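If you want the building blocks of each chain, they are given just below.
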Amino acid sequence: MKKIFAIAIAAVMTASTASAQFYVAPSQREVKPKADPKDFNPSWFVNPQVGIQLPNTPGMGDLVKPVISLNVGRNITHIASARIGIEGANSQVYNEFTSKQRTFKYFTTSADAMVNICNCFNYAERPINFFLIAGVGLNWSGMETTNSSHFSPNVRLGGLLEWRTSKNFALNLEYRADNTNDQFNGRLESGTHDWYTSLLFGISLVLPDAKPIIQKEDNSAEIAALNDQINRLRAENAELRNRKPEVVTKTVEVEKKVTEKVERIAVLPYVFFDCAKTNINKQQAANVKAIADYLKSNKDTKVTITGYASPEGNPEINQKLSEERAKSVAKMLVEKYGIDEDRITTAAGGATSDILPEADLNRVCVSVAK
């Protein structure tokens with residue numbers, strides 16, 4: 001037993017020394033944003049292990065034997081993982097009456113729950129993590145028993161130290177204790193439970209789930225240009241309103257056109273969409289809110305939302321996209337901002353290149369208030 005603890009302590013010190021070699025002074029570290037558990041990416045892993053096993057029952061001494069193990073599992077959340085595994089090789093029993101050791105084959109299957117203790121307190125993508133392990137399983141032993149059964153239940157407790165060396169590869173050191181009944185070694189007459197400890201070194205092949213890559217367009221330049229146009233039209237409208245009475249009759253029609261243009265472009269901003277998408281991203285949601293604010297401030301105003309698609313691609317698909325985009329804007333106005341459905345009309349303009357000069361910008365919804 002002392003040998004196992006000595007090996008475990010030496011392995012932990014080795015891992016700590018290796019980690020210290022990569023120490024970087026705080027002033028030289030790259031400042032990263034605080035990790036968010038919502039950004040955790042689940043993953044599958046395959047974990048072969050080799051090590052040593054020592055039975056610990058009355059009458060058994062230094063009966064160390066090699067053991068191999070294979071686990072397959074999943075990191076479900078940043079805290080919880082689960083795995084199933086099989087291990088086995090040879091074990092030994094000591095007969096106190098004949099003073100002889102006897103070797104027998106055994107196999108253990110187990111289902112284990114694992115808890116990442118480090119992430120329980122502070123989630124981070126750290127290279128070194130420690131897991132507590134608890135599991136249940138079933139043993140098969142080659143030892144003869146008085147009831148002719150070679151199977152016995154198994155309960156497991158342990159801990160695993162993991163060193164993630166890269167995105168897809170990790171080293172680990174595991175120490176665990178397995179408890180089973182006397183049927184495991186064939187000594188049913190003793191009336192006590194058998195248990196054995198194992199120290200294993202292993203590698204893990206980690207396979208993170210694929211994340212969809214969403215490519216977002218930067219529309220900041222177009223939005224800035226529209227805001228400039230809004231300010232210019234507002235200034236023109238204010239100038240027309242402040243002219244002397246004798247020229248008012250000549251400018252009524254111009255003022256009406258400018259006012260309509262301001263309401264269509266300035267007050268109700270465009271809502272742009274990603275290629276082949278109908279969902280409203282976070283950046284464009286601000287424009288939908290601006291439309292909602294205008295409608296709340298003008299209770300008698302109704303709005304027509306017309307969706308468009310860029311000219312490339314299949315006409316039928318583009319027509320459908322334009323229809324769904326208009327409905328997406330209307331849905332957000334109704335469900336998120338409480339705008340009455342009776343005040344909203346949607347239309348589908350299909351593919352066009354007439355709204356804005358760049359083809360990509362015509363993936364848009366244009367809102368006109370009356």
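Heads up: the structure comes first, above all this text.
Peer 1: So what exactly am I meant to see when it comes to the overall build of the protein here?
Peer 2: The helix and strand tally for the protein stands at six helices and twelve strands. Long-range pairs, those at least 24 residues apart, make up 65% of the contacts in the protein with a sequence separation of at least 6. For the protein, the exposed area adds up to about 21300 Å²; of that, 59% sits on carbon and sulfur atoms.

Peer 1: Would you explain the environment of Ala359 in this entry?
Peer 2: Looking at where Ala359 falls in the secondary structure, it is placed in the loop between strand 11 (344-351) and strand 12 (364-369). Taking the C-alpha atoms as reference, Ala359 lies 9.0 Å from Ala309; in sequence the two are 50 residues apart. Sequence-distant contacts of Ala359, that is, excluding residues within four places in its chain, are made with Ser310 and Pro311.

Peer 1: For this particular structure, what's the right way to read the nonpolar core?
Peer 2: Nonpolar side chains tend toward joint burial in soluble globular proteins. One finds Val271, Ile280, Val288, Ile305, Val329 and Leu333 to be the most contacted residues of the largest nonpolar core, which totals 22 residues. Those elements that place two or more of their residues in this core are helix 5 (282-297), strand 10 (303-309), helix 6 (315-335) and strand 12. If sequence neighbours within four positions are ignored, Ile305 has contacts with Ala326, Val329, Ala330, Leu333, Ile344, Thr345, Thr346, Ala347, Cys365, Val366 and Ser367. By size, the runner-up hydrophobic cluster in this structure holds eight residues, among which are Leu226, Tyr270, Leu356 and Val364.

Peer 1: Before we go on, may I ask you to explain the environment of Ile84 in this structure?
Peer 2: With respect to the helices and strands, Ile84 occurs in strand 3 (residues 80-95). A relative accessible area of 56% places Ile84 in the exposed class. The spacing of Ile84 and Gly135 is 51 residues in sequence and 9.2 Å in space, taken between C-alpha atoms. Sequence-distant contacts of Ile84, that is, excluding residues within four places in its chain, are made with Leu70, Asn71, Val72, Ser110 and Ala111.

Peer 1: What is the right way to look at the sheet that holds strand 11 in this model?
Peer 2: Backbone-to-backbone hydrogen bonds join strands into a sheet, with any given pair of strands oriented parallel or antiparallel. As summarised here, the arrangement of the four strands in space is 9-12-10-11, forming an open sheet in which the pairing is mixed. In this open sheet, the two strands that pair with only one neighbour each are strand 9 (271-272) and strand 11. When strand 10 meets strand 12, the two strands line up antiparallel, connected through five bridges. Bridge pairing in strand 12 places Val303 opposite Ala369. Its contacts with the sheet place helix 6 against strand 9, strand 10, strand 11 and strand 12, and it is angled at close to 155° to strand 11.

Peer 1: How should I be thinking about the environment of Ser328 in this particular structure?
Peer 2: Residue placement: Ser328 occurs in helix 6. Taking C-alpha positions, Ser328 is 9.6 Å from Cys365, a pair spaced 37 residues apart along the chain. If near-sequence neighbours (up to four positions away) are discounted, Ser328 is found in contact with Thr278 and Ile280. Side-chain polar atoms of Ser328 contact the backbone oxygen of Thr278, separated by 2.7 Å.

Peer 1: Can you walk me through the side chain of Arg83 in this structure?
Peer 2: Position of Arg83 relative to the elements: it lies in strand 3. Overall, Arg83 belongs to the buried group, its relative accessible area being 3%. Among the polar contacts made by the side chain of Arg83, one reaches the side chain of Asp112 at a distance of 2.9 Å. Polar side-chain contacts of Arg83 include one of 2.7 Å to the side chain of Glu174.

Peer 1: Got a minute to help me understand the packing of aromatic side chains in this structure?
Peer 2: Geometrically, a pair of aromatic rings is defined through the distance of the ring centres and the angle of the planes. For the structure on display, the rule yields four aromatic pairs. Taking 6.4 Å as the distance between ring centres and 75° as the angle between the ring planes, the aromatic pair formed by Phe40 and Tyr123 counts as edge-to-face. Residue Phe40 is located in the loop between helix 1 (2-20) and strand 1 (43-55), and its partner Tyr123 is located in the loop between helix 2 (117-121) and strand 5 (128-141); the two are separated by 83 residues in the primary sequence.

What counts as what
Residues numbered from 1 in each chain as written. Predicted model: local features only at pLDDT ≥ 70, side-chain atom pairs only at ≥ 80, totals over all residues. Heavy atoms only, no water. Helix = DSSP H or I, 4+ residues; strand = E, 2+ residues; numbered from the N terminus. Contact = heavy atoms within 4.5 Å. Areas by Shrake-Rupley, 256 points an atom, 1.4 Å probe, with all protein chains shown as cover. Core = buried A, V, L, I, M, F, W, Y, C linked by side-chain atoms within 4.5 Å. Buried < 20%, exposed > 50% of the residue type's maximum accessible area, 1.4 Å probe, protein only. Pairing = 2+ DSSP bridges. Axes fitted to C-alpha atoms, helices over the stretch in contact; angles between N-to-C directions. Polar contact = N/O pair within 3.5 Å; in protein donor to acceptor, adjacent residues only side chain to side chain. Phe/Tyr/Trp six-rings, centres within 6.5 Å; stacked < 30°, edge-to-face > 60°.

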